[in-house]
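# Coordinate inspection notes
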Protein chains: 2
Amino acid sequence: MIQADRRAFAKALELAGAAVTRHRYAIPVLQTLKISAIGRLRIEGSDLSTMTCAEIDYEGDPTESFALCAPAKVRAAVNHAGGDRVTLEQQEKTARVACGKLDAAIATFPADDHPGAPRISQERFGVDMGAAELRALARIRPAISTEETRYYLNGVCVRNIGNWLYRFIATDGHRLMIHDVPLPGAEGDLPDNIIIPRAFIDMMLARFGKSREPVRFSFGGAALWNTPETDLAPENSGALHLAVRGELGKVSFAIASKPIDGTFPDVQRVIPKETKHHVEIDRAALVQAIQSLHSLGEGKTRALKFTAEPAGLRIAASHPDFGEATYDVAASHNLPADYLIGFNGQYFLDCCNALSGETVRLELNCAASPSVIRDPADTAFFSVLMPMRV
Amino acid sequence: MIQADRRAFAKALELAGAAVTRHRYAIPVLQTLKISAIGRLRIEGSDLSTMTCAEIDYEGDPTESFALCAPAKVRAAVNHAGGDRVTLEQQEKTARVACGKLDAAIATFPADDHPGAPRISQERFGVDMGAAELRALARIRPAISTEETRYYLNGVCVRNIGNWLYRFIATDGHRLMIHDVPLPGAEGDLPDNIIIPRAFIDMMLARFGKSREPVRFSFGGAALWNTPETDLAPENSGALHLAVRGELGKVSFAIASKPIDGTFPDVQRVIPKETKHHVEIDRAALVQAIQSLHSLGEGKTRALKFTAEPAGLRIAASHPDFGEATYDVAASHNLPADYLIGFNGQYFLDCCNALSGETVRLELNCAASPSVIRDPADTAFFSVLMPMRV
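A few points on the structure. (Residues numbered from 1 in each chain as written. Chains lettered and ligands numbered in written order. Predicted model: local features only at pLDDT ≥ 70, side-chain atom pairs only at ≥ 80, totals over all residues. Heavy atoms only, no water.)

### Considerations on the overall build of chain A
Scanning chain A from N- to C-terminus turns up 6 helices and 26 strands. On the principal axes, the C-alpha backbone points of chain A span a range of 80 × 50 × 35 Å. Residue pairs at least 24 apart in sequence account for 68% of intrachain contacts in chain A once pairs closer than 6 positions are excluded. In chain A, which carries 42 positive and 47 negative side-chain charges, the distance between the mean positions of the two groups comes to 4 Å. (Helix = DSSP H or I, 4+ residues; strand = E, 2+ residues; numbered from the N terminus. Contact = heavy atoms within 4.5 Å. Lys, Arg positive; Asp, Glu negative; His and termini not counted. Charge placed at Lys NZ, Arg CZ, Asp CG, Glu CD.)

### Some words on the side chain of Thr171(B)
Residues and elements named next belong to chain B. With respect to the helices and strands, Thr171 occurs in strand E12 (residues 165-171). Here Gly173 takes part through its backbone nitrogen, which lies 3.1 Å from a polar atom of the side chain of Thr171. In this structure the side chain of Thr171 is engaged in a polar contact, spanning 2.8 Å, whose partner is the backbone oxygen of Arg175. Contact partners of Thr171, with chain neighbours within four places excluded, come to Ala143, Ile144, Ser145, Leu153, Leu176, Phe264 and Val267. (Polar contact = N/O pair within 3.5 Å; in protein donor to acceptor, adjacent residues only side chain to side chain.)

### Quick word on the interface of chain A and chain B
Listed per partner, the contact involves 30 residues of chain A and 30 residues of chain B. Summed over both sides, the interface between chain A and chain B buries roughly 2600 Å², with carbon and sulfur atoms accounting for 56% of that surface. Of all residues in chain A, the largest losses of buried area upon contact with chain B belong to Lys73(A), His80(A) and Phe322(A), amounting jointly to 24% of the total for that side. Connecting chain A to chain B are 0 salt bridges. Here chain A and chain B share 18 residue pairs in polar contact (both at pLDDT 80 or more) between them. Put simply, the parts of the chain that give the side of chain A that touches chain B at least two residues each are helix H2 (71-81), strand E9 (102-110), helix H5 (283-296) and strand E22 (323-333) of chain A. The class makeup of the residues in the side of chain A that touches chain B is 15 nonpolar, 8 polar and 7 charged. (Buried area = accessible area lost by both parts, 1.4 Å probe. Salt bridge = Lys/Arg side-chain N within 4 Å of Asp/Glu carboxyl O. Nonpolar A, V, L, I, M, F, W, Y, C, P; charged D, E, K, R; others polar.)

### Observations concerning the relation of the copies chain A and chain B
Once chain A is rotated about the relating axis by 180° and shifted along it by 0.0 Å, it coincides with chain B to within an RMSD of 0.0 Å. Taken together, the rotation and translation relating the two chain copies correspond to the operation of a two-fold axis. Residues of chain A ranked by C-alpha distance from the rotation axis are headed by His23(A), positioned 14 Å from it. Looking at the interface residues of chain A, 100% of them are also at the interface in chain B, so both copies use one shared face. (Least-squares fit on C-alpha atoms with pLDDT ≥ 70 in both.)

Right under this line is the structure:
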């Protein structure tokens, strides 16, 4: 029988539960959380691609591990029941969970059935990431592809470009976002063009995005949490994993995943080397224009048309059923009078929203060439957007 | 060409849009809003069962009516475009909508294609409803049936029980909620057992629920808004409608609907005349117990078992896959030692949540008889709940 802080236990179930498969027909043991009490109370989840581990303090004797069924239901019950402490006791085929006036016997699986979560036992690369580094990931996040066929685009590619500067790249084939991030505290080497999966990044941003403490991002050989240290000779460490680990209140939380096993395309080819035309626009006015037209343009498939006016741009949206609309935005540019180019409204908006400066600079060639969208005052970040035929 | 306040216009589109069918394959003209500028700018919506009318001030000459396509898209565009005034101008087959730097030509239908919204021209019953009366409707709202086969249960039945007291009744066959509401300001007569549709009540609560001004609830013969007063002799007024009308900032908003054409069952039969057993429990503790167990009981189909303990009740939930749980609540009661009764957790919770006092009183007979759940300090409201076999 062990005891732990009720709120920390509920929080740990929530955090580790992020990797629990919600799908009703998933393998049953993947719908459980593995619970171990050795040193700390450790709660592990896995959907076989992303793995989580939440640790809290406990009192009592070390117990055998087990895999707890229906962790989201247990968390809701514990949250509502109140009380300061929660009691866990392993019984035959069930685990007793008691707190406040609640006394529940929850079904369990044998611990060995659960794949568990790995930890980095042989760190090959490590860096402390703070709010700025997490913000950089959040900024290029919209450009990550969600299409399954080109699975190697379902993540962020990281490349060391020298001088402790790392280039973070995301693209879905329609738009490309690049952010150069200085990581002066980085130790070790990251393999070139390693691809961090989207699910890992999403979970990292969701859990640690508002954390005030830096989190440890590492890459290296991994072992299960309960592997004794003596078995961790380099030759025994398992597959190479990415992991991020940090403190969230009373819970130590770690996320692990393998990098995506694929080759990220050479994006340098699509970045225009030089551009003939440029437009500079107030960012707030541009975002307002796109948002206003975007709703009329029915979602993401409809193109917005950009034409040159003497004192700015005219942006137009049309819909075969509902009509058409134009919006004039003041801008300084060197476009020819008959210039016309089309962009997907949602993608264009994403590129503008990833910027934070006052001005947006568009760098354009012909209406079929990739265009660059950037903040002239921020050289670390830019987007490349493919135009649409209009 | 007419002009109106942009924010009021957007608000009016939103309010009237509540009755616009969202379904993609609905009749196209029901996806539009009818716009007329005669006296006031009037925006009418209809899904053929619930009708809305929002009115705002305008400047300019009266114009012909038209039915505006894609009103939700127009509203989003107008909201984002900014500017103080919006300009509306009817053109051939389109309407020009301009504000700020936005200039849109939106497709229209002929006004005659739109069914429009009725107003009560011959009030047979009318009453000003304030926050207390709306709260009474909100309280019994959870018991309204959503099942289509017994369509006459899809609303609230109202019955004049004398002394300016009106009984509001809702039931879905599993639970029954009754609220007696004094309406001393009521004028005229309401037909006995009139059924107010759920959609009308939901829209009324959503739009006027936080209104500080009283709203006018009326019943009577209805005519279209633009019918000249001279045509409103009693013999010309159309079908009998329910309506509610109030001011929301710069917008006058009205909702109209026919009452449900059916016979509400005689609920008096299921209200137990006398009860052998009673239980008195602290409401907060009971709600906490149900919520804690409810999450384990997997949604609404699983029963919660209530058994008598010397100093209170033991409530138990069980799930064939996940295990079982018990929760002890202190209570004073006169139940026999072997008493056992089951209730649907969600329904029980709804009945407890509809109460606001400190204590809940359960009035019980045998495990198969309807039970009463009430606040002993509040005689105006009570619920009757059918038990489940456990």
